[in-house]
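This is what each chain is made of:
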Amino acid sequence: MIKIGILDLQGDVSEHQMMAKNAVEKIGLKADVSKVKTASEVAECNGIIISGGESTVIGRLIKENSINTAIKENQIPVLGTCAGMVLLGQETDFEQPLLGLIPMKVKRNGFGRQKLSFEADLNLNTLETPYPGVFIRAPYAYDVEDEAVVVGQIQDKIIAVTYEHHMATAFHPELTNDTRIHEYFLKEVLNCVE
Ligand SMILES: NC(=O)CC[C@H](N)C(=O)O
């Protein structure tokens with residue numbers, strides 16, 4: 001049985017847990033989906049989801065609790081959404097601890113004041129039909145290196161990236177009823193454990 005951990009430090013954690021559980025059911029997996037807070041809980045997981053929230057706060061707590069080491073030493077795939085995307089990047093425009101698991105830079109609050117929050121149908125390479133994107137003070141990625149894959153863009157801005165078994169989205173898949181991003185991630189996790 002695989003174990004998916006929803007990193008429970010700050011942000012919309014319960015929504016991710018619910019969506020991940022729905023995705024598990026949809027693809028008929030045997031998986032435990034739990035909230036995790038400590039490095040030892042994280043180390044036991046096959047996949048970790050980092051929610052939206054405040055990336056400065058989540059990043060600081062990740063570092064203080066040695067969760068970065070647990071993720072890296074165990075090579076755990078990570079799905080990071082919104083603030084989670086910021087944390088997956090290697091550089092951002094603010095001095096803050098990052099995981100740096102995807103070779104890309106991330107611009108925080110990248111859609112400007114007038115568009116702090118919006119919804120848009122997204123064409124993503126990994127999906128056959130559009131995905132309902134919910135953007136809340138969303139970041140975007142830039143300088144994505146060749147070995148990573150740009151999965152989607154909007155207004156010429158990169159809003160979804162995969163690299164190895166990690167995925168970053170600028171939008172909030174946990175705030176929709178569409179489980180396809182979570183399903184995609186679960187399949188990546190399965191590829192790692194098989
Ligand atoms: N909804 C969100 O996760 C916003 C992310 C926030 N702008 C940050 O950089 O932390």
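Residues numbered from 1 in each chain as written. Predicted model: local features only at pLDDT ≥ 70, side-chain atom pairs only at ≥ 80, totals over all residues. Heavy atoms only, no water.

The name recorded for the chain in an unreviewed UniProt entry is Pyridoxal 5'-phosphate synthase subunit PdxT, from Methanobacterium subterraneum.

Peer 1: I'd love a proper account of a negative patch on the surface, names of residues and values included.
Peer 2: On the surface, a cluster of negative charge is contributed by Glu145, Asp146, Glu147 and Glu164. Here glutamate 145 falls in the partly exposed class, since its relative accessible area comes to 39%. (Patch = residues over 30% accessible without salt bridge, like charges linked within 9 Å, V, L, I, M, F, W, Y side chains within 5 Å. Areas by Shrake-Rupley, 256 points an atom, 1.4 Å probe, with all protein chains shown as cover. Salt bridge = Lys/Arg side-chain N within 4 Å of Asp/Glu carboxyl O. Lys, Arg positive; Asp, Glu negative; His and termini not counted. Charge placed at Lys NZ, Arg CZ, Asp CG, Glu CD. Buried < 20%, exposed > 50% of the residue type's maximum accessible area, 1.4 Å probe, protein only.)

Peer 1: Would you mind going over the layout of surface pockets in detail, with residue names and values included?
Peer 2: Estimated volume of the largest pocket: approximately 170 Å³. Around the largest pocket sit 15 residues that line it, and Gly53, Cys82, Ala83, Ile136 and Arg137 are the ones nearest its centre. Of the residues in the lining of the largest pocket, the class split is five nonpolar, six polar and four charged. (1 Å grid on protein atoms, 1.4 Å probe; cavity = no way out; pocket = protein on both sides within 12 Å on 5 of 7 lines; lining within 4 Å. Points joined across faces, edges and corners; volume = space filled by probe spheres on them. Nonpolar A, V, L, I, M, F, W, Y, C, P; charged D, E, K, R; others polar.)

Peer 1: Outline the UniProt feature "active site" (unreviewed entry) in the chain, supporting the account with residue identities and numerical values.
Peer 2: Under the present numbering, the feature "active site" (unreviewed entry) in UniProt falls on Cys82, His172 and Glu174. In sequence the annotated residues extend across 93 residues, while in space they remain close, none of their C-alpha pairs exceeding 10.6 Å. Cross-referencing the annotated residues with the lining of the largest pocket gives Cys82 and His172. Tracing the chain through its elements places cysteine 82 in the loop between strand S4 (78–81) and helix H5 (83–88). Beyond its immediate sequence surroundings of up to four residues, cysteine 82 is in contact with Gly52, Ile136, Arg137, Ala138, Pro139, Thr169, Ala170, Phe171 and His172. (UniProt positions renumbered as here; feature names shortened; annotations may be inferred. Helix = DSSP H or I, 4+ residues; strand = E, 2+ residues; numbered from the N terminus. Contact = heavy atoms within 4.5 Å.)

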